[in-house]
Amino acid sequence: MLTDYRNESYTKALTDVVNTYKPEILLLGATTLGRDLAGAVATTLLTGLTADCTELDVDSDNSLAATRPTFGGSLLCTIYTLNFRPQMATVRPRVMPMPERVQKPIGRVVEHQLGMVEADIVTKVLAFVPDRDKATSNLAYADIVVAGGLGLGSLENFQLVRQLASVLGAEYGCSRPLVQKGWVSSDRQIGQTGKTIRPKLYIAAGISGAIQHRVGVDGADMIVAINTDKNAPIFDFAHLALVTDAVRLLPALTEAFRKRLSPHTRDRIAS
Amino acid sequence: MHIVVCIKQVPDSAQIRVHPVTNTIMRQGVPTIINPYDLFALEEALRLRDKFGGEVTVLTMGPPSAEDSLRKALTIGADRAVLLTDRFFAGSDTLATSYALAAAIRKVGSTFGAVDIVFTGKQTIDGDTAQVGPGICKRLDYLQLTYVSKVSSLDLSGRTIEVERRSEGGVQVLRSTLPCLITMLEGTNQVRRGSMINALTAARAEIVKWSAQDAGIEDIQKCGLRGSPTVVKRVFAPTPRSEKAKVVEAAGQPPAEALIDEIFKLRPKLETEMSDLARGF
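Undergrad: What is the right way to read the overall build of chain A from this model?
TA: A count of helices and strands for chain A gives seven helices and twelve strands. Seen through its C-alpha atoms, chain A measures out along the principal axes to roughly 70 × 45 × 45 Å. Counting across all 271 residues of chain A, residues that qualify as buried make up 47%. Residue pairs at least 24 apart in sequence account for 59% of intrachain contacts in chain A once pairs closer than 6 positions are excluded.

Undergrad: Even after reading the chapter, I still don't get the overall build of chain B, so can you show me in this structure?
TA: When helices and strands are counted, chain B shows seven helices and 15 strands. Taken over C-alpha atoms, the radius of gyration comes to 24 Å for chain B, far larger than the 19 Å a tight globule of 281 residues would show. Taken over the C-alpha atoms alone, chain B extends approximately 75 × 45 × 40 Å along its principal axes. The proportion of buried residues among the 281 residues of chain B is 47%.

Undergrad: What exactly am I supposed to notice about the pairing of strand S3 (residues 55-58) of chain A here?
TA: Every regular strand shows the same layout, with side chains that alternate between the two sheet faces. Residues and elements named next belong to chain A. Where S3 meets strand S4 (residues 64-70), four bridges bridge the pair, whose relative direction is antiparallel. Of the residues in S4, the one forming a bridge with Leu56 is Ala66. A loop of five residues connects S3 with S4, the two strands running antiparallel in sequence, and Asn62 in this loop sits at a positive phi of about 70 degrees.

Undergrad: I tried to follow the nonpolar core on my own but got confused; where do I start?
TA: Val5, Leu42, Ala100, Ala104 and Ile105 of chain B are the most contacted members of the largest nonpolar core, which has 90 residues in total. Setting aside residues up to four positions removed in sequence, Ile105 of chain B forms contacts with Val4, Leu59, Val115, Val118, Ile136 and Leu140 of chain B. In this structure, Leu168, Cys174 and Val247 of chain A together with Leu259 of chain B belong to the second largest nonpolar core, which totals 57 residues.

Undergrad: What exactly am I supposed to notice about the environment of Ala140 of chain A here?
TA: Residues and elements named next belong to chain A. You can see Ala140 is positioned in the loop between strand S7 (124-130) and strand S8 (144-148). For Ala140, a count of 18 C-beta atoms within 10 Å gives the class partly exposed. Along the chain, Ala140 and Thr123 lie 17 residues apart, while their C-alpha atoms are 31 Å from each other. Leave out the neighbours within four places in its chain, and Ala140 touches Pro93, Arg94, Lys195, Thr196 and Ile197.

Undergrad: Whenever I open this one, the sheet that holds strand S13 (residues 208-210) of chain B confuses me. Can you help?
TA: Reading across from one edge, S7(A)-S11(B)-S10(B)-S9(B)-S12(B)-S8(B)-S1(B)-S6(B)-S7(B)-S13(B) is the order of the ten strands in this open sheet, with mixed pairing throughout. The open sheet terminates on both sides in strands that have one partner only, identified here as S7 of chain A together with S13 of chain B. Shown here is a sheet whose adjacent strand axes are inclined to one another by a mean of 30 degrees, direction ignored. Summarising the sheet, strand S10 (residues 160-167) of chain B and strand S11 (residues 170-177) of chain B pair through eight bridges and their orientation is antiparallel. Counted as the bridge partner of Glu164 of chain B is Val173 of chain B from S11 of chain B. Those strands touched by helix H1 (residues 36-52) of chain B are strand S1 (2-6), strand S6 (55-61), strand S8 (117-121), strand S9 (143-155) and strand S12 (180-184) of chain B, and its axis lies near 150 degrees from that of S8 of chain B. Lying on the sheet, helix H3 (residues 94-112) of chain B is in contact with S1, S6, strand S7 (80-84), S8 and S13 of chain B; it crosses S6 of chain B at an angle near 150 degrees.

Undergrad: Would you take a moment to explain the interface of chain B and chain A for this structure?
TA: Many analyses report the size of an interface as the accessible area lost when the parts associate. With 74 residues of chain B at the contact, the number on the chain A side is 79 residues. A per-class count over the side of chain B that touches chain A returns 36 nonpolar, 19 polar and 19 charged. Bridging between strand S5 (residues 75-81) of chain A and strand S14 (residues 230-236) of chain B involves six bridges; their strand directions are antiparallel. Paired with Thr78 of chain A across the two strands is Arg234 of chain B, which belongs to S14 of chain B.

Undergrad: Just to check I follow, could you spell out the domain arrangement of chain A for this structure?
TA: Residue and element names in this part refer to chain A. Looking at chain A, the domain boundaries give domain 1 (7-95 + 104-120) and domain 2 (134-270). The straight-line distance from the C-alpha centre of domain 1 to that of domain 2 is 33 Å. Grouping the amino acids of the side of domain 1 that touches domain 2 by side-chain chemistry returns five nonpolar, four polar and three charged.

Undergrad: Looking at this model, I keep getting lost on the packing of helix H6 (residues 246-261) of chain A against helix H6 (residues 255-266) of chain B. Mind explaining?
TA: Each packed pair of helices is defined by two parameters, the angle between the axes and the distance between the axes. Where H6 of chain A meets H6 of chain B, the axes come as close as 8 Å, and the angle between the chain directions of the two elements is 55 degrees. The angle between H6 of chain A and H6 of chain B falls in the class oblique. In terms of crossing hand, the pair formed by H6 of chain A and H6 of chain B is right-handed. Of H6 of chain B, the residues touching H6 of chain A (which contributes Leu249, Ala252, Leu253, Ala256, Phe257 and Arg260 of chain A) are Pro255, Ala256, Glu257, Leu259 and Ile260 of chain B. Of the residues that constitute the contact of H6 of chain A with H6 of chain B, the class distribution is nine nonpolar, no polar and two charged.

Undergrad: Would you explain the domain arrangement of chain B in this entry?
TA: When the domains of chain B are assigned, the result is domain 1 (2-222) and domain 2 (240-281). On a C-alpha basis, the centres of domain 1 of chain B and domain 2 of chain B stand 47 Å from each other.

Undergrad: Would you mind showing me how to read helix H3 (residues 155-168) of chain A here?
TA: Every α-helix carries 3.6 residues per turn, so stepping three or four residues along brings you back to the same face. For H3 of chain A, built from 14 residues, the straight-helix expectation of 20 Å at 1.5 Å per residue is met to within 8% by its first-to-last C-alpha distance of 21 Å. Listing the buried residues of H3 of chain A in full gives Phe158, Leu160, Val161, Leu164, Ala165 and Leu168 of chain A. For H3 of chain A, the arc enclosing every buried residue in end-on projection is 135 degrees, short of the 170-degree limit, so these residues lie on one face. For H3 of chain A, the exposed residues lying more than 90 degrees away from the buried face are Leu155 and Glu156 of chain A. The inward-facing, buried residues of H3 of chain A contact S8, strand S9 (171-174), helix H4 (176-180), strand S10 (201-205) and H6 of chain A together with helix H7 (269-278) of chain B. At the exit of H3 of chain A stands Gly169 of chain A, carrying a positive phi of roughly 65 degrees.

Undergrad: Could you clarify how one ought to interpret unusual backbone geometry in this entry?
TA: The general pattern is negative phi for most residues beyond glycine and trans for most peptide bonds. The step from Arg85 of chain A to Pro86 of chain A runs through a cis peptide bond, and the omega angle for that step is -5 degrees. Within the element layout of this structure, Pro86 of chain A appears in the loop between S5 and strand S6 (87-91). The omega torsion across Leu178 of chain B and Pro179 of chain B is -5 degrees, close enough to zero to call that bond cis. Its place among the elements puts Pro179 of chain B in the loop between S11 and S12.

Undergrad: So what exactly am I meant to see when it comes to the pairing of S1 of chain B here?
TA: Residues and elements named next belong to chain B. Across the five residues that make up S1, a large majority, four, are buried. Judged from the four bridges that link them, S1 and S8 form a sheet pairing that is parallel. Each residue of the ladder has a partner; that of Val5, found in S8, is Phe119.

Undergrad: For this particular structure, what's the right way to read the sheet that holds S4 of chain A?
TA: Paired through backbone hydrogen bonds, the strands of a sheet run either parallel or antiparallel to each other. Ordered in space as S3(A)-S4(A)-S5(A)-S14(B), the four strands form an open sheet in which the pairing is antiparallel. The sheet terminates laterally at S3 of chain A together with S14 of chain B, the two strands that pair on one side only. Within the sheet, the average angular offset between the axes of one strand and its neighbour, ignoring direction, is 25 degrees.

Cut-offs applied
Residues numbered from 1 in each chain as written. Chains lettered and ligands numbered in written order. Predicted model: local features only at pLDDT ≥ 70, side-chain atom pairs only at ≥ 80, totals over all residues. Helix = DSSP H or I, 4+ residues; strand = E, 2+ residues; numbered from the N terminus. Buried ≥ 20, exposed ≤ 12 C-beta atoms within 10 Å, placed from the backbone. Contact = placed C-beta atoms within 7 Å. Rg over C-alpha atoms; globule rule 2.2 N^0.38 Å. Pairing = 2+ DSSP bridges. Core = buried A, V, L, I, M, F, W, Y, C linked by C-beta atoms within 7 Å. Axes fitted to C-alpha atoms, helices over the stretch in contact; angles between N-to-C directions. Nonpolar A, V, L, I, M, F, W, Y, C, P; charged D, E, K, R; others polar. Domains from an automatic or database assignment. Parallel < 35°, antiparallel > 145°, perpendicular 65-115°, else oblique. Left-handed = near helix turned anticlockwise from the far one by under 90°. Expected span 1.5 Å × (residues − 1). Arc of directions from axis to C-beta.

Given below as structure tokens:
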């Protein structure tokens, strides 16, 4: 009954588990599945739920401090669930570093009988159609990511981002306004309402760097920002800054990388 | 058939600025819009109405000025607009909001005809929680269908509905029953423009305005700040990285090459890794 995700069966199951074991804190991933489930479970349990957290902490009195971007991603806020249990939160995928595998786990697996019957579940899954474009889901796991923002000015100029990504063997992405304009599909969006990335190198072209975007890229090992506005917030968290027009720089950068990374050039430098 | 579409009036987040000194939101002069995701929900509701007949009621909870968004929704083609407004609602989190909206939907059903489907956007652009849809749904005990990209069939006499919904790694095709709540994915339909005649009618249309009491809300303690289990303790601007970004100076060198030199100077291992990647390894 739990083979395919369905809100009804999963809500019933998770609510039952919470009522049995009474946890202080209940965390779920802020994925399409996790958000669908968390909202339903929190309302069924009549407790608080903080969405899409980027940072979690536990205070000395055991209360959960859940931090998330707010006001369309221009500020951060820390939210508590004071008098209700469990304290619930959904957490953005990829915002936390992956922990090391422990040799002797202290947690144990508990089997919990649900006593649910299929006849009680109204919604039926008729089919599941897997995504054809597998590459799009790689953005979150890519080592190199190139992304463009509103500073590029037009859909045509966004091609410059794709060209650089192609030469680097990188994934390409964008900031939210480009998705809202319909220039780029939403699965390419990087930021609070899009993907969180942790690449070794992130090149942001014409992206101003609102918090909405920042929370999606803070885990990058190196952030290179190209922007005409020297006061753009992205320069507050980038490692390297180039104050120039990305539209003019990108073709030159693509060409320079192409030369630099070609085996021919490297051999010559090596000799 | 009676469809309710829940919409929210939100500040156009693209135009929000934070005061550089006080770190507070500068709301003044920021224009408000209908939450863009809700427009896809409204459009889908109007399409079903046009095909199967019936009525579309738009509902919003907010300050009296949210009337503007309701008139826009009427211009686009909704048949009726309900504004749920009361000072008791101030400070509502998602649990309290879903309590009030669910009560108002029950009242819409008893006043204007039984509700078959509630539509809303997948989330708002100001709160970004995606929690109010499922919240309303559970309180009404409707079937929950979130992130829907397509309503593929609707059988009003058999009370069944088939939808495609975005899931992880693919699309689920689901069959469920009415009444249900659907949250619509963005970009799933082309939102129609309201006609001039609609705009003129909408400007004069009467908006149904309900207080908490009018909407039949029984327990005012469950509304607003008092009815909200979550408490915002701290609002702050993110701290800049301790070191400012290093500005790349191109001294007699093309800027692109200067940038690449800097990248590889700071992260020497990247050059080999990127060469391998560029060659398709």
